[in-house]
Amino acid sequence: MALQVGIVGLPNVGKSTLFNALTAAKAESANYPFCTIDPNVGVVTVPDARLVEISKRVKPQQTIPTAMEFVDIAGLVAGASKGEGLGNKFLANIRETDAIVHVVRCFDDPNVVHVAGSVDPLRDIETINTELMLADLESVEKRLQKSEKNARTTKDKALMAEVEALKKIKGALDEGKAARSVELNEDEMKIVKNFHLLSIKPVLYACNVSEDGFTDGGNDWSKSVFEYAEKENNRALLICSAMEAEIALLEPEEQKEFLESLGVDERGLNRLIRTAYELLGLSTYFTAGEKEVRAWTIKNGMSAPQAAGVIHSDFERGFIRAEAYHFDDLVNCGSENAVKEAGKYRSEGKDYLVKDGDILFFKFNV
């Protein structure tokens with residue numbers, strides 16, 4: 001599944017530094033606004049220790065993790081919805097993503113200028129959120145005007161449903177609330193999805209702190225962001241972009257030693273990737289054989305045929321059944337044969353909802 005997460009924030013908050021660390025790409029990073037003119041896209045693997053454990057037992061020729069795309073989007077500023085800075089181009093780049101990682105500056109450094117002149121993460125968050133909501137309001141108002149006129153003329157039920165959904169969204173935006181705050185039923189969600197609204201996307205606030213702030217578990221600035229995210233029913237986590245960029249240059253063994261010296265279990269980036277994965281409502285299932293052990297990304301609640309379709313559309317079209325067992329069964333029993341002997345190996349049909357950690361083999365006929 002080609003899923004994209006956009007990295008946004010004000011200029012000079014550490015977005016490109018974070019992107020470089022994430023993808024080992026070479027997005028230009030400099031101490032001035034708008035150094036990233038076009039979005040940089042990088043593919044990153046989703047860290048999953050289960051892949052290693054499965055491979056130990058199956059001993060495949062290769063092991064392939066699942067992945068996500070991260071997009072480094074140049075810094076937004078106040079007035080972006082009206083074309084300030086590089087305005088609408090940036091908003092269009094965000095519109096194409098599935099979720100947003102909002103990098104918030106929670107560190108003080110006189111050598112790195114702040115576009116607003118001082119460090120104030122909540123003010124910065126409100127600046128970005130306001131621009132996203134203003135852009136949405138403009139889009140919704142235009143669409144609503146057209147749809148209302150056509151609905152009155154045609155009495156088309158689909159158009160009338162669209163009008164009602166848009167009115168709900170507009171009401172929230174008029175009150176300064178994000179589109180994601182609106183309670184929509186399943187049909188309304190399908191309607192609204194077509195408009196690619198910016199403020200409806202799930203958000204992960206990445207509190208960019210200094211190295212001391214990271215090892216100390218944050219600071220007053222980051223704590224205020226965590227509280228803000230909780231009120232919004234969003235997520236927040238700590239990250240030190242500068243430290244992650246340094247770690248990215250080290251060999252795996254050196255990385256491990258460096259983290260141990262800091263008293264940290266794992267890289268902040270691993271948590272960021274996994275949290276972004278969870279934010280999108282994603283799960284992982286595995287296929288395992290002598291040729292390869294591979295992780296596959298699916299939306300939570302997908303049926304077995306839909307999950308098969310992630311591999312190839314023919315698998316979904318000609319789905320017969322899925323032979324299944326769970327990662328936990330493999331670990332507890334030790335091998336696939338032992339799983340079968342323990343009666344944990346199952347045959348599942350079209351109605352089966354795939355669970356995170358399932359190991360599947362699909363039977364199909366086209």
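Here the structure is shown first, and the text comes after it.
From a predicted model like this one, the values you see are computed outputs, not experimental measurements.

Caption draft 1: Focus on the layout of surface pockets. Within this model, the largest pocket holds a volume of roughly 1100 Å³. As for the largest pocket, its lining consists of 32 residues, of which D98, M189, I200, K201 and P202 are closest to the centre. The set of elements that each furnish at least two residues to the lining of the largest pocket consists of α4 (121–154), α6 (186–193) and α8 (220–232). Broken down by element, the residue count for the lining of the largest pocket peaks at 5 residues, all from α6. When its residues are assigned to classes, the lining of the largest pocket shows 12 nonpolar, 7 polar and 13 charged.

Caption draft 2: Looking closely at helix α2 (residues 49–58). Every buried residue of α2 is accounted for by R50, L51, I54 and S55. Projected onto a plane normal to the axis of α2, the buried residues spread over an arc of 135° and lie on a single side. Its buried side turned inward, α2 meets β3 (62–64), β8 (282–288), β9 (292–299), α14 (327–333) and β12 (358–364). Directly beyond the C-terminal end of α2, a positive phi value near 55° is found at K59.

Caption draft 3: Expanded view of unusual backbone geometry. At K59, a residue that is not glycine, the phi angle is positive and equals roughly 55°. Tracing the sequence through the fold places K59 in the loop between α2 and β3. A relative accessible area of 64% means that K59 is categorised as exposed. The phi dihedral of K155 is positive, around 60°, even though this residue is not glycine. Its place among the elements puts K155 in the loop between α4 and α5 (157–174). Accessibility expressed as a relative area gives 59% for K155, which makes it exposed.

Rules and cut-offs
Residues numbered from 1 in each chain as written. Predicted model: local features only at pLDDT ≥ 70, side-chain atom pairs only at ≥ 80, totals over all residues. Heavy atoms only, no water. 1 Å grid on protein atoms, 1.4 Å probe; cavity = no way out; pocket = protein on both sides within 12 Å on 5 of 7 lines; lining within 4 Å. Points joined across faces, edges and corners; volume = space filled by probe spheres on them. Helix = DSSP H or I, 4+ residues; strand = E, 2+ residues; numbered from the N terminus. Nonpolar A, V, L, I, M, F, W, Y, C, P; charged D, E, K, R; others polar. Buried < 20%, exposed > 50% of the residue type's maximum accessible area, 1.4 Å probe, protein only. Arc of directions from axis to C-beta. Contact = heavy atoms within 4.5 Å.

All we've got here are geometric facts, nothing functional implied.
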